[in-house]
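# Breakdown of the fold
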Amino acid sequence: GFNPLRNKVFEIAQPFYGSYDLIPGKVYRAKSNFSGPYLTGLLRQIIFFKPDVIHIFNEAYSLINIQAMVYRNIFRPRAKCYAQDIENIISKKASWPRAQARRRFAQKYCDGVACWTKGALEALLGSGFPRQKLRVSSWGIPLDMFIPQRNSKLRKDLGIDDKFVVGFVGRLLKEKGLATLINAMVDLGEDVCLLFVGDGPDQKFIVQRAKQLGLDDRIRWIGRVKEERIPQYMNTMDALILPSETG
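This text gives an overview of the structure that appears in the document. Everything numeric here is computed off the predicted structure, so don't read it as measured data.

### Quick notes on the overall build of the chain
Assigned secondary structure in the chain consists of 8 helices and 13 strands. Accessible surface for the chain amounts to roughly 15,600 Å². Of this, 55% is attributable to carbon and sulfur atoms.

See the structure below:
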């Protein structure tokens with residue numbers, strides 16, 4: 001998990017879960033950008049654990065992925081290094097020389113990228129990433145959890161049982177288009193309300209925007225909830241909206 005107050009990526013108190021060892025590592029400026037680089041943790045594990053496969057759960061051009069490949073090249077050159085990618089809007093050419101160098105390095109040394117969508121694959125391909133290193137690997141959905149079933153009790157508890165509920169689930173970021181969503185509420189009837197499930201670094205800005213428009217009583221801020229409770233809140237919604245402005 002990510003703790004913005006401590007600028008660290010950390011895991012559960014017991015550093016073991018299933019068949020995985022979970023090692024804490026401090027990330028530079030993690031409060032504003034958790035894509036790296038690591039200040040502690042990563043290098044030590046590559047040197048002492050000696051992995052055959054390094055799977056970076058971050059974007060192909062992220063600093064953490066670049067950092068992992070540099071360490072791999074020096075200390076574990078035979079290991080394979082893979083990344084994840086979800087971004088489906090990537091400029092075809094980086095603006096700054098440093099960013100251009102980062103892209104060339106990733107394209108050369110990354111052994112493969114698991115793209116969450118076809119759009120993410122096409123975006124990387126358009127930026128110059130070799131096609132043979134890209135694969136679409138979509139996430140599965142636990143169908144036993146996400147079952148459409150109206151949650152009338154929770155709607156009543158939230159005071160929205162007689163409203164048309166528009167909901168959002170995810171991190172509260174400006175690029176998610178949440179300010180645009182709130183602005184649109186001004187033109188909708190009083191019988192429409194918003195339900196936000198999640199938190200994020202731009203929550204204060206989004207809440208302030210809602211207050212400026214006088215929408216406090218038409219918005220419910222749930223905050224972060226446990227994974228198993230997400231379907232319960234989704235079943236209070238009449239419409240789930242993803243107003244992302246970055247694709």
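### Focus on the pairing of strand 6 (residues 53–56)
Side-chain positions along a regular strand alternate between the two faces of the sheet. With burial as the criterion, only one face of strand 6 is covered, namely that bearing I54 and I56; the residues V53 and H55 on the opposite face remain uncovered. Pairing analysis gives 4 bridges linking strand 6 to strand 7 (residues 80–85), with the strands arranged parallel. Residue pairing in the sheet places I54 in a bridge with C81 of strand 7. Note on the crossover from strand 6 through helix 2 (residues 63–75) to strand 7: the handedness is right-handed.

### So, the nonpolar core
With 25 residues, the main nonpolar core has I54, V113, C115, L124, F129 and L134 as its most contacted residues. Those elements that provide at least two residues to this core are helix 1 (42–49), strand 6, helix 2, strand 7, strand 8 (112–115) and helix 4 (118–126). With 5 residues, the single largest contributor to this core is helix 2. Membership of the second largest hydrophobic core comes to 14 residues, among which are I182, V192, L194 and A210.

### Some thoughts on the side chain of Q84
Note that Q84 resides in strand 7. With relative accessibility at 10%, the residue Q84 sits in the buried group. Polar contacts involving the side chain of Q84 include one to the side chain of H55, which spans 2.8 Å. Residues contacting Q84, with those up to four places away along its chain left out, are H55, I56, F57, N58, E59, A60, V113, A114, W116 and W139.

### Re the packing of aromatic side chains
Counted under the stated rule, the structure contains 5 aromatic pairs. Their ring planes at 50° and their centres at 6.1 Å tell us that F57 and W116 sit as a pair that is tilted. In this pair, F57 sits in the loop between strand 6 and helix 2 while W116 sits in the loop between strand 8 and helix 4, placing the two residues 59 residues apart along the sequence. With a centroid separation of 4.8 Å and 10° between ring planes, the pair formed by F196 and W221 is classed as stacked. Pair noted here: F196 is in strand 11 (residues 192–197) and W221 is in strand 12 (residues 219–223), with a separation of 25 residues, a long-range link. By relative accessible area, which is 1% here, F196 ends up buried. Taken together through their ring pairs, the aromatic side chains of F168, F196 and W221 make up a single cluster. We note R44 situated over the ring of F48; from NZ or CZ to the ring centre the distance is 4.8 Å. Residue placement shows K174 over the ring face of F205; its charged tip is 4.5 Å from the ring centre.

### A closer look at helix 4
Here helix 4 has its buried residues at A120, L121, A123 and L124. Seen from one end, helix 4 has its buried residues packed into an arc of 160°, which puts them on one side. One or two positions beyond helix 4, positive phi appears at G128, with a value near 105°.

### Comments concerning the sheet that holds strand 9 (residues 134–136)
The strand order across the open sheet built from 4 strands is 6-7-8-9, with neighbouring strands paired in parallel fashion. In this open sheet, the two edge strands, each paired with only one partner strand, are strand 6 and strand 9. Shown here is a sheet whose adjacent strand axes are inclined to one another by a mean of 20°, direction ignored. Taken strand by strand, helix 4 contacts strand 7, strand 8 and strand 9, and its axis lies near 165° from that of strand 9.

### Digging into unusual backbone geometry
The backbone of K50 shows a phi angle near 55°, a positive value even though the residue is not glycine. Residue placement: K50 occurs in the loop between helix 1 and strand 6.

### Quick notes on a nonpolar patch on the surface
A cluster of nonpolar residues, L43, I47, F48, V70, I74 and F75, forms a patch on the protein surface that exposes about 530 Å² of accessible area. Contributions of two or more residues to the nonpolar patch are made by helix 1 and helix 2. Assignment of secondary structure puts F75 in helix 2. A relative accessible area of 42% places F75 in the partly exposed class.

Calculation criteria
- Residues numbered from 1 in each chain as written.
- Predicted model: local features only at pLDDT ≥ 70, side-chain atom pairs only at ≥ 80, totals over all residues.
- Heavy atoms only, no water.
- Helix = DSSP H or I, 4+ residues; strand = E, 2+ residues; numbered from the N terminus.
- Areas by Shrake-Rupley, 256 points an atom, 1.4 Å probe, with all protein chains shown as cover.
- Buried < 20%, exposed > 50% of the residue type's maximum accessible area, 1.4 Å probe, protein only.
- Pairing = 2+ DSSP bridges.
- Right-handed = clockwise from strand over helix to strand, strands pointing away.
- Core = buried A, V, L, I, M, F, W, Y, C linked by side-chain atoms within 4.5 Å.
- Polar contact = N/O pair within 3.5 Å; in protein donor to acceptor, adjacent residues only side chain to side chain.
- Contact = heavy atoms within 4.5 Å.
- Phe/Tyr/Trp six-rings, centres within 6.5 Å; stacked < 30°, edge-to-face > 60°.
- Lys NZ or Arg CZ within 6 Å of the ring centre and 35° of its normal.
- Arc of directions from axis to C-beta.
- Axes fitted to C-alpha atoms, helices over the stretch in contact; angles between N-to-C directions.
- Patch = residues over 30% accessible without salt bridge, like charges linked within 9 Å, V, L, I, M, F, W, Y side chains within 5 Å.
- Salt bridge = Lys/Arg side-chain N within 4 Å of Asp/Glu carboxyl O.

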